[in-house]
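Understanding the architecture of this molecule
These are the residues of each chain, in order.
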Amino acid sequence: MITIRRATADDVSTVRALMRELAEHQNQGAEVRVSAGRLEELLNRPDIGYLIAERGGRAIGYVSWVKRVSLWTGQDYLALDDLYVCSGERGAGVGERLMRAVSEAAEGRVVRWEVAEANVAAQRFYQRIGATVVSKKICRWQVAPFPGRPARAGEAEGR
Ligand SMILES: CC(C)(COP(=O)(O)OP(=O)(O)OC[C@H]1O[C@@H](n2cnc3c(N)ncnc32)[C@H](O)[C@@H]1OP(=O)(O)O)[C@@H](O)C(=O)NCCC(=O)NCCS
């Protein structure tokens, strides 16, 4: 039987193993560097959601999100972080169960997330559950000394 439940601080090692599995699936295994203590702190935060799917008590997938606010609408929304089902468990409705659980947690709020352009199978899955998929570029900025001329005094404050 498949069950979906919220992760707790006791699930830190399971959560880290699941995230590492997704990261490795995306050739980014080394990116999962979070410490056990920090992860425990994050799982306890009220603005972070993490659901684990289990079959017979064994973790087989997860979905995670962060609550955010849109300054344009003034409304909260859920920003999905990850959705993952372990490879031998795909195509059996687990992903759909996880997204259904997200829809319940959303309580009417909009849910937004990113999907790689190349991940057409996941895009088809998202469209099938009723999501709209639009293309946009993602910028990632590892902040370093700002390129170009230095700001004049007062410029950064808008004076
Ligand atoms: C995308 C994913 C979460 C869907 O979970 P799932 O449990 O396989 O989904 P379901 O069984 O509820 O639905 C199956 C649908 O998912 C799609 N799907 C995507 N990748 C799949 C895969 N590797 N195997 C089987 N189905 C897959 C299928 O196209 C199917 O849609 P269809 O019925 O229209 O063909 C899962 O395949 C997965 O974890 N993929 C790898 C990680 C990933 O791409 N995550 C999304 C990042 S944005």
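In this text the structure is predicted, and so the values were computed from the model without any measurement. (Residues numbered from 1 in each chain as written. Predicted model: local features only at pLDDT ≥ 70, side-chain atom pairs only at ≥ 80, totals over all residues.)

Along the backbone of the protein there are 4 helices and 5 strands. With the C-alpha coordinates of the protein rotated into their principal frame, the extents come out at 65 × 35 × 30 Å. By the burial criterion, 17% of the 159 residues in the protein qualify as buried. Considering only intrachain contacts with a sequence separation of at least 6, the fraction spanning at least 24 residues in the protein is 55%. (Helix = DSSP H or I, 4+ residues; strand = E, 2+ residues; numbered from the N terminus. Buried ≥ 20, exposed ≤ 12 C-beta atoms within 10 Å, placed from the backbone. Contact = placed C-beta atoms within 7 Å.)

The N-to-C vectors of helix α1 (residues 12–25) and helix α2 (residues 36–43) enclose an angle of 100°; their axes lie 10 Å apart at closest approach. One element, α1, and the other, α2, form an angle in the roughly perpendicular class. Contacts from Val12, Val15 and Arg16 of α1 reach α2 at Ala36, Leu39, Glu40 and Leu43. Taken together, the residues of the contact of α1 with α2 sort by class into 5 nonpolar, no polar and 2 charged. (Axes fitted to C-alpha atoms, helices over the stretch in contact; angles between N-to-C directions. Parallel < 35°, antiparallel > 145°, perpendicular 65-115°, else oblique. Nonpolar A, V, L, I, M, F, W, Y, C, P; charged D, E, K, R; others polar.)

We now examine the sheet that holds strand β4 (residues 76–85). The strand order across the open sheet formed by 5 strands is β1-β2-β3-β4-β5, and the pairing between neighbours is mixed. One side of each edge strand has no neighbouring strand; the edge strands of this open sheet are β1 (2–6) and β5 (110–112). Going from strand to strand, the sheet's axes swing by 25° on average, the running direction of each strand aside. In the sheet, β1 pairs with strand β2 (residues 48–55) via 5 bridges, with the strands oriented antiparallel. Within β2, the residue paired with Arg6 across the bridge is Leu51. (Pairing = 2+ DSSP bridges.)

If you check the shell around the ligand, you find 18 residues, and the closest are Arg90, Gly91, Gly95, Glu96 and Ala121. Counting residues per element, the ones that place at least two in the shell around the ligand are β4, α3 (94–106) and α4 (120–128). For the shell around the ligand, the leading source of residues is α4, giving 5 residues. The residue makeup of the shell around the ligand, split by class, is 9 nonpolar, 5 polar and 4 charged. (Near = placed C-beta within 6 Å.)

Now for unusual backbone geometry. Phi at Asn27 is positive, roughly 55°, even though this residue is not glycine. Of note, the phi angle at Glu107 is positive, near 45°, even though the residue is not glycine. Here Glu107 shows up in the loop between α3 and β5. Using a count of 8 C-beta atoms within 10 Å as the deciding quantity, one classes Glu107 as exposed.

This paragraph deals with α4. Summarising burial for α4: 0 of the 9 residues are buried, a small minority. The first or second residue beyond α4 is Gly130, which carries a positive phi of 105°.

Moving on, we come to the pairing of β2. Note that β2 and strand β3 (residues 58–69) share 8 bridges and pair antiparallel. Within the sheet, the bridge partner assigned to Leu51 lies in β3 and is Val63. Count of turn residues in the β2/β3 antiparallel hairpin: 2 residues, of which Gly56 carries a positive phi of about 55°.

Okay, the nonpolar core next. With 22 residues, the main nonpolar core has Val15, Ala53, Tyr62, Val63, Leu80, Leu98 and Val102 as its most contacted residues. Taken together, the elements giving at least two residues each to this core come down to α1, β2, β3, β4 and α3. Ignoring any residue separated from it by four or fewer positions in sequence, one finds Leu80 in contact with Val63, Trp65, Val102, Val111 and Trp113. (Core = buried A, V, L, I, M, F, W, Y, C linked by C-beta atoms within 7 Å.)

Take the pairing of β3 next. A regular strand places its side chains so that they alternate between the two faces of the sheet. Of the strand pairs in this sheet, β3 and β4 are connected by 9 bridges, and their pairing is antiparallel. Counterpart to Lys67 in the pairing with β4 is Leu78. Where β3 hands over to β4, the hairpin turn is made up of 6 residues, of which Gly74 adopts a positive phi near 75°.

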